[in-house]
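Descriptive analysis of the structure
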Amino acid sequence: MKEKIIEVINLKKQFGNNLILDEINFTINKGEAVSLIGPSGSGKSTILRCIADLETLTGGKILIEGHNLQDKGIDKKIKKELLLKTGMIFQNFNLFPHMTVKDNIVKTLRIVKKTAVKKAEEIAEKVLETVGLADKKDNFPNELSGGQKQRVAIARGLALEPDILLFDEPTSALDPEMIKEVLDVMRDLAKEGMTMLIVTHEMGFARNVGNRILFMDKGEIIEDCSPKEFFENPTNERIKDFLNKVLNK
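Residues numbered from 1 in each chain as written. Predicted model: local features only at pLDDT ≥ 70, side-chain atom pairs only at ≥ 80, totals over all residues. Heavy atoms only, no water.

Considering the overall build of the protein
Within the protein, the secondary structure is distributed over nine helices and 10 strands. Here the C-alpha radius of gyration of the protein, 18 Å, is about what a compact globule of 249 residues would show, namely 18 Å. Taken over the C-alpha atoms alone, the protein extends approximately 55 × 50 × 40 Å along its principal axes. Within the protein, the proportion of its 249 residues that are buried is 49%. Sequence-distant contacts in the protein: of pairs separated by 6 or more residues, those separated by 24 or more amount to 65%. Between the averaged position of the 38 positive side-chain charges in the protein and that of its 38 negative side-chain charges there is a distance of 3 Å. (Helix = DSSP H or I, 4+ residues; strand = E, 2+ residues; numbered from the N terminus. Rg over C-alpha atoms; globule rule 2.2 N^0.38 Å. Buried < 20%, exposed > 50% of the residue type's maximum accessible area, 1.4 Å probe, protein only. Contact = heavy atoms within 4.5 Å. Lys, Arg positive; Asp, Glu negative; His and termini not counted. Charge placed at Lys NZ, Arg CZ, Asp CG, Glu CD.)

Below, the structure written as C-alpha cells:
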C-alpha cells in the first residue's frame, strides 16, 4: 500500500471575492516526483503556500502524513514537526547575505531544530556535497552565481531532513545557462526517491523526471496523469492549447 505524504481535500482559497483555488483534490505518495504545471496565475504557487501553512485556507483541508494541520486541536509540537517535514524551496533563494554558504545552513539548523553546532556543521558539509558545492562552503552568497545560490537553498532544505520538498518555480529567476545545474540536482534527488511537488515551467524536466503531472487552469486541477499521457496523448482541448503554446515558442 502506498504511503501518503500529502492529501489535499476540497481545498478552496479566496482573496476577497477572488477565488484562487476551487475544490482542489490530489494526493502525493512517498517517493513521487509530481510536476504542477499550467499557465501563470492559475494558482500553482498558492497550493504550495497552503501546504506549507503560509496561507490560511478558505475551505477544505490538507493532511500531512495523515494529520490535519487546520485542526484547531492539533498539538503544536506535532504541527511543528510535520511542517519541518515539508521543506519549501522558493524562487529567490532567501540566503543570509552576511553569512558564508556553510553558515547559512548551520544557522538554519540552529534556529529551526536547535541542532548542536558541531552536528550542524557536519550536516551542512554533507548536504553541500550532495548538491555539488562542497568547495563553496566558505564563500558568501554574492560570490555565487544564481544557479549556485539556488543549489545552496536546496541544500539548506535538505539539511532539515524533510519527507517532502516543495519547489516553487526554482529556476524562474535564473539565466538559461544556470537552469541545468539546478535541474540536475533535482533529477538526482528524484532518482534517490525524494518526494517532491514541483511548480515548474520546464516542460522537459516535467516530461522526463516526474512520475505524474498535475495540470491547473483557472484555480482548478483539470488533469492528473502520467507524463507520457500528458505530453503524448492529451485529450483535453485546454491542455492541447497549452502544450502547443509552450512547446512551439
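Considering the pairing of strand β8 (residues 195-199)
Within β8, five of the five residues are buried, leaving the element largely enclosed by the surrounding structure. Residues T195, L197 and V199 point to one face of β8 and M196 and I198 to the other, with burial holding for every one of them. As paired strands, strand β3 (residues 33-37) and β8 are joined by four bridges and run parallel to one another. Note that in β8 the partner of A33 across the bridge is M196. (Pairing = 2+ DSSP bridges.)

Here's the deal with helix α6 (residues 176-191)
Here α6 spans 23 Å end to end across 16 residues, near enough to the 22 Å set by a 1.5 Å rise per residue. Every buried residue belonging to α6 is among M178, I179, V182, L183, V185, M186, L189 and A190, and all of these are buried. For α6, the buried positions fall inside an angular range of 155 degrees around the axis, keeping them on one side. Opposite the packed face of α6, turned more than 90 degrees from it, sit the exposed residues E177, K180 and K191. Here the buried face of α6 lies against β3, α5 (146-159), β7 (164-168), β8 and α7 (203-208). (Expected span 1.5 Å × (residues − 1). Arc of directions from axis to C-beta.)

Concerning the nonpolar core
Generally speaking, nonpolar side chains in soluble globular proteins are found buried as a group. Ranked by size, the top nonpolar core spans 39 residues in total, and within it I154, F167, L189 and M196 carry the most contacts. Put simply, the parts of the chain that give this core at least two residues each are α3 (101-113), α4 (117-130), α5, β7, α6 and β8. Not counting chain neighbours up to four residues away, the residues in contact with M196 comprise E32, A33, V34, I164, L165, F167, M186, L189 and A190. Grouped together as the second largest cluster of nonpolar side chains are 29 residues, V34, L36, I64 and L82 included. (Core = buried A, V, L, I, M, F, W, Y, C linked by side-chain atoms within 4.5 Å.)

Focus on the sheet that holds strand β6 (residues 86-89)
Strands pair in a sheet through their backbones, by hydrogen bonds, and they do so in one of two ways: parallel or antiparallel. Spatially, six strands are ordered β6-β7-β8-β3-β9-β10 in an open sheet, and the strand pairing comes out mixed. Each end of this open sheet is capped by a strand with a single partner; those strands are β6 and β10 (220-225). Each strand of the sheet is rotated relative to its neighbour by a mean of 15 degrees, with strand direction disregarded. Taken together, the five bridges between strand β9 (residues 212-217) and β10 define a ladder with antiparallel strand orientation. The residue bridging L214 from the neighbouring strand is D224, located in β10. Together, β6 and β7 form the strand contacts of α5, whose direction differs from that of β6 by roughly 170 degrees. (Axes fitted to C-alpha atoms, helices over the stretch in contact; angles between N-to-C directions.)

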